[in-house]
Each structure stands twice: as C-alpha cells, then as structure tokens.
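# Observations on the model geometry
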Amino acid sequence: LQPAAANPRRKIDRKAIEGLAASIRTDGVLHNLVVSPVEGRGKKERFQIVSGSRRFEALRLLQERGELPEDFTVAVEIRDDLSKDDTLRIATVENLQRQNLTPLEEAGALVKLVHKGVTLDDVVAQTGLSVTTIKRRLALNNLCREAKAALTTGVITLSQAEALTLGSDEDQETIIEAIRSGRDLSVDYIKDNLLDE
C-alpha cells in the first residue's frame, strides 16, 4: 500500500494520528480502506490509498511501535475502475464530509463513558485526548442552558465557555447577557470576575 499522490490532504496532524492510533489499538479499524491498483512493472502488486490515508498512517505508527499483532487484518476495498479524476473526487469528498464533533457533543459523549465506569486513564488511552482536554470538555456539562446555546451558536468562544464553567448559572447568565449586548469580555476578564466572586 502507498498513499495516493492525488490526496488533497497535505498536512498530517501528528497528535490526531496518535489519537487515531490509540482508537485503533482499542477498537480496531472501524472503516475499511479504499484502494486502487498502481499501474507499472514489477513482481509485487502495489495499491494506492484512495480513502483512509490517516488510518493507514495510524496503522503504520502502531506497526513501527510493535503494537499490532502479527495477524492483524485490515478490511480493504479494491476499486479497479477508478480514473485519476475519480480518485481525486473520492479523496476530496471523504475529507470534506468528515465533520468533527462540537465541544458540547464531545462533552456529552465523554460523560456517557465516565458514567459507564470508564476511568480517565482509559478515556485518554482510547481517545488520544489529553487529560486537560478531557477535563475541560467534561466541565462544559456544567454550563447553564443559555451558555450552551451561546457556545453552539458562536456567540461565545470555546475558551470563554470554559471560563464560564467557573461560575454559577446566575453568573454565567449575567456574563452571556453582557456579551449579547455587545461587550467584548476576554477570557481573563471572565475568569477574574468569577474567581473574585
């Protein structure tokens, strides 16, 4: 297998690959790779990856570390009928359709894991997220309804929302009201205001 030259993704986020590798180590590869044969001479048959280059990089990382069993198998769909244009289109569509969870969706999912008895260390190992990020996401569950709505609609930033978790529902509502009325409240201002109280 080899990465496709037509893949529109040029930058590989090493931390994201680490997280994907942690997920694969725990749950295996959840989606198959899509590949097409590479034309050329040679005794060994070669395939280019049309879809799944990040999964492939995560698998290579686990292999380099010796963290994959010898008999580890990966489902691969071979597409013989793809032109260069088809390959580019499929790779582009896969990247464009990928949508990350919102911070509140992450928070809800993490809470469900914790309520099922999964330890923080296990969540770190399974998701590849840092302990700090997990704690910050979990804290978002302490936002009042107005603050959650403001985060969802983009009235406040994720950093502002994380700062708001330091206050009561009433404090959060007061700050959200001030931001909605046009005041530009920095994260430091929000923290200082809530910590003083």
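Quantities reported herein were computed from a predicted structural model and do not represent experimental measurements.

Let us now look at the overall build of the chain. Looking only at helices and strands, the chain has 10 helices and four strands in total. Sorting the 197 residues of the chain into buried and exposed places 31% on the buried side. By sequence separation, contacts in the chain at least 24 residues apart represent 67% of the contacts at least 6 residues apart. Carbon and sulfur atoms form 48% of the exposed surface of the chain, whose accessible area is close to 12,900 Å².

Quick look at the side chain of Gln172 now. Along the chain, Gln172 turns up in helix α9 (residues 169-180). According to the relative accessible area criterion, Gln172 is buried, its value standing at 0%. Engagement of the side chain of Gln172 in a polar contact is seen with the backbone oxygen of Leu164, the distance being 3.3 Å. Among the polar contacts listed, one links the side chain of Gln172 to the backbone oxygen of Gly167, at a separation of 3.0 Å.

In this fold, Gln160 is placed in helix α8 (residues 158-164). Separated by 2.8 Å, the side chain of Gln160 and the backbone nitrogen of Thr157 make a polar contact. Not counting residues within four places of it along the chain, the set of residues in contact with Gln160 comprises Val155, Ile179, Leu185, Val187 and Ile190.

Looking now at the sheet that holds strand β2 (residues 33-37). In space, the four strands of this open sheet follow the order β1-β3-β2-β4, with mixed pairing throughout. Lying at the two open borders of the sheet, with one neighbouring strand each, are β1 (2-3) and β4 (76-78). Pairing between β2 and strand β3 (residues 47-51): four bridges, direction antiparallel. Across the sheet, residue Ser36 finds its bridge partner in β3, namely Gln48. Helix α2 (residues 53-64) contacts β1, β2 and β3 of the sheet and is inclined by roughly 120° relative to β3.

Together, Asp169, Glu170, Glu173 and Glu177 make up a region of like negative charge exposed at the surface. In this fold, Glu177 is placed in helix α9. Residue classification places Glu177 among the exposed positions, given a relative accessible area of 59%.

Now for the pairing of β2. For β2, a buried count of four out of five residues is recorded, marking the element as mostly surrounded by other parts of the structure. Sheet analysis places β2 next to β4, joined by three bridges and oriented parallel. What sits directly across from Val34, in β4, is Glu77.

A complete count under the given rule lists eight salt bridges for this structure. Here Arg25 ties to Glu67 by a salt bridge, and the two come within 2.6 Å at their closest N and O atoms. Taken together, the residues Arg25 in helix α1 (residues 14-27) and Glu67 in the loop between α2 and β4 connect sequence positions 42 residues apart. Relative accessible area serves as the criterion here: at 32%, Glu67 is assigned to the partly exposed category. When salt bridges that share partners are traced, they join Glu77, Arg79 and Asp81 into one network.

A word on the pairing of β3. Across the five residues that make up β3, a large majority, five, are buried. Summarising the sheet, β1 and β3 pair through two bridges and their orientation is parallel. Along β3, the bridge assignment pairs Gln2 with Gln48.

Rules of the game
Residues numbered from 1 in each chain as written. Predicted model: local features only at pLDDT ≥ 70, side-chain atom pairs only at ≥ 80, totals over all residues. Heavy atoms only, no water. Helix = DSSP H or I, 4+ residues; strand = E, 2+ residues; numbered from the N terminus. Buried < 20%, exposed > 50% of the residue type's maximum accessible area, 1.4 Å probe, protein only. Contact = heavy atoms within 4.5 Å. Areas by Shrake-Rupley, 256 points an atom, 1.4 Å probe, with all protein chains shown as cover. Polar contact = N/O pair within 3.5 Å; in protein donor to acceptor, adjacent residues only side chain to side chain. Pairing = 2+ DSSP bridges. Axes fitted to C-alpha atoms, helices over the stretch in contact; angles between N-to-C directions. Patch = residues over 30% accessible without salt bridge, like charges linked within 9 Å, V, L, I, M, F, W, Y side chains within 5 Å. Salt bridge = Lys/Arg side-chain N within 4 Å of Asp/Glu carboxyl O. Lys, Arg positive; Asp, Glu negative; His and termini not counted. Charge placed at Lys NZ, Arg CZ, Asp CG, Glu CD.

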